[in-house]
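A look at the structure
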Amino acid sequence: MTKTLLTLPGDGIGPEVIEQTIRVIDVLKEKHGLQLNVESALFGGACIDANGVPIENSTIERAKSVNAVIMGAVGGPKWANVARDIRPEAGLLNLRKAMDVFANLRPAICFPALADASSLKHNLVEGLDIMFVRELCGGVYFGKPKGIDILEDGSKIGYDNAIYSTGEIERVTHVAFELAKKRTGRVASLEKSNVMDSGLLWREVVTKIHKEYYSDMQLDHVLADNAAMQLVRDPKQFDVLLTDNLFGDILSDLAAAITGSIGLLPSAALGKKGEAGLYEPIHGSAPDIAGKALANPIAAILSFEMALRYSLDEAALADKLYAAVSKALENGARTKDLGGNLSTKEMGDAIIEQL
Ligand code: NAD
Ligand code: IPM
Ligand code: MN
C-alpha cells in the first residue's frame, strides 16, 4: 500500500526548505521508484492567521494516521503577542504530545567536505558522528504547575516545573541503548543530578535500565554543564547522548554549530513502534533570513532522509539521498551559512543533480 507523508511547512524559512524537500521527493518518485502520497496542512503562525489556532484538530488527527509527518519550522515576530496557549510553538508542543513522539533523535554528523566550516578546529570535528536522544514529551516543557502570578506587593513570579516520571525516563533510555547497540555501544546520560531532583531520578532510572538490560554496554553519567564543555573541547569522545527535553534542545543547537551550521541538522521524533514519526529540522523559522532565498534546505532534506529510514521502510533510498547530499557538498555546493553563495533552490538543484 502506498504510504502517506503529511507536510507542515509552517512559517519563515519553513515553507522555503520544505519546497526543496518536496522537489527531492518528486525526483525519488520519478527516478527511484519511491511510492508516496504527499499531503500538506497549515501549521504555526500560518494556521493562526487562517484559523485562529496554530494547528487544527483535524491536522492532529491526520498526523496520527499517516505514516510520517515532516515540518519546516514555526514561529516568528509576527506572532510574538498572541495568547501563550495558541502561539505557534504551543502548536508544535501539542502536536508532539498528541503523537506521543517521546524520543527525538538528533544526529550531529560532520560531512567530510565541511570539516573546515566548523567553528572548531578541523581535527576535532573530522569524522564526528554523534547522536542525541532527547526526551521530547516531558520535563520542563510540559510540567505543571507553570505560570506567571502577581504577588500581593504587585511584583510577579514566573515558574515552570521540571518533572519526570519513571516511565518517561525508562522508555527514552531504552531507545538510546537500542540505538547505541548498532553504533559503538556507548551512552552518555546528561543531567544535573547535583542540583535537580528530576535529574537525580533521571540518573537512578538510567542506571537501573542499564544494569537490567544493557550491562554489557558502556554508560557514563555526565553533568550537563560539563557535557557542554566537553562537546566543545572534544566532541568525538561521545557516541549516543541521552538527555532530557531542555538540555537536549540547547546542546543540539551547540552540536549543530560544531558540524558547520544549524542549517544542516535534521531530527526524527519517534513514538511507539509502528506509529507515525515527526521529522523536524532542528532549526527555527529564521526570521532574519526568511524570504531572502538564503536558507540552507539540507536539514529539512535530511529530515526526510530520516523519515525514509525510520518510518517509510526505505533504507536503501535513504542511503542514496544521504550520499547525494554528501556528494553535492563535496562538489562545493554551499549556501551562505556555509560560506557560499548558492540560493535555497540552487542547493536543492545541487542535491537533485546527484540523484
Ligand atoms: P533559528 O533556528 O530560527 O535561527 C537561529 C540562527 O540560525 C539565525 O541566524 C538563522 O538565520 C540561522 N538559521 C537557522 N536555520 C537556518 C538555515 N536553514 N539556513 C541558514 N541559516 C539558518 O532560531 P531563533 O532565531 O532563535 O528562532 C526563530 C523562531 O523560530 C522563534 O519563534 C522560535 O521559537 C522558532 N523555532 C522553531 C523551531 C521549530 O519550529 N522546530 C525550532 C527552533 C526555533
Ligand atoms: C526545537 C525548538 C522547539 C523546542 C521550540 C520551537 C518549541 O527549539 O525543536 O529545537 O524547544 O523544542
Ligand atoms: Mn531548539
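Presented here is a report on the structure given in the accompanying data block. What you see is a predicted model, and the numbers here were worked out from it, not measured in a lab. (Residues numbered from 1 in each chain as written. Chains lettered and ligands numbered in written order. Predicted model: local features only at pLDDT ≥ 70, side-chain atom pairs only at ≥ 80, totals over all residues. Heavy atoms only, no water.)

**Observations regarding the site of ligand 1**
Selection criterion: Put simply, a residue is near a molecule or strand once any heavy atom of it comes within 4 Å of that molecule or strand. Between N or O atoms, a polar contact is any pair within 3.5 Å; within protein, one atom must be a potential hydrogen donor and the other a potential acceptor, and residues adjacent in sequence are included only when both atoms are from side chains. Per-residue and other accessible areas were derived by the Shrake-Rupley procedure at a 1.4 Å probe size, with only the shown protein chains allowed to occlude residues. Numbering of helices and strands runs from the N terminus; a helix is a DSSP stretch of H or I covering at least four residues, while a strand is a stretch of E covering at least two.
Taken together, 22 residues sit near ligand 1, with V74, E89, G284, A286 and D288 positioned nearest. Residue E89 places a side-chain N or O atom 2.5 Å away from an oxygen atom belonging to ligand 1. S285 is positioned with one of its backbone polar atoms (N or O) 3.1 Å from an oxygen atom of ligand 1. Burial of ligand 1 by the protein amounts to 68% of the accessible area it has alone, namely 810 Å². When contributions to the shell around ligand 1 are tallied by element, the ones reaching two or more residues are β3 (68–73) and α4 (88–99).

**Comments concerning the pattern of salt bridges**
Pairs can form between side chains of opposite charge whenever their charged atoms are close. Note the cut-off: Each salt bridge in this description consists of a side-chain nitrogen of Lys or Arg and a carboxyl oxygen of Asp or Glu lying within 4 Å of one another.
As enumerated under the stated definition, the model contains 18 salt bridges in all. One salt bridge connects D100 with R171, and the closest N-O pair in it is separated by 3.1 Å. Placement of the pair is D100 in the loop between α4 and β4 (103–109) and R171 in helix α6 (residues 166–181), with a sequence separation of 71 residues. A salt bridge links E178 to K181; the shortest N-O distance between them is 3.4 Å.

**Structural notes on the nonpolar core**
Let me state the cut-off plainly: Remark: nonpolar core denotes a set of buried residues (Ala, Val, Leu, Ile, Met, Phe, Trp, Tyr, Cys) joined through side-chain atoms within 4.5 Å. Think of it in three bands: residues with accessible area under 20% of the maximum for their type are buried, residues over 50% are exposed, and the middle band is partly exposed, with areas taken using a 1.4 Å probe on protein chains only. Per the annotation, domain bounds derive from an automatic or database assignment of domains. Here a residue-residue contact requires only that any non-hydrogen atoms of the pair lie within 4.5 Å.
Counting 84 residues, the largest nonpolar core has L28, F304, L308, L321, V325 and I351 as its most contacted members. Two domains each put at least three residues into this core: domain 1 (1–102 + 271–355) and domain 2 (106–261). Non-local contacts of F304, meaning those with residues more than four positions away in its chain, are made with L5, T21, I25, L28, L34, L36, I70, L312 and L321. Residues F43, I55, V66 and V101 belong to the second largest nonpolar core, which totals 19 residues.

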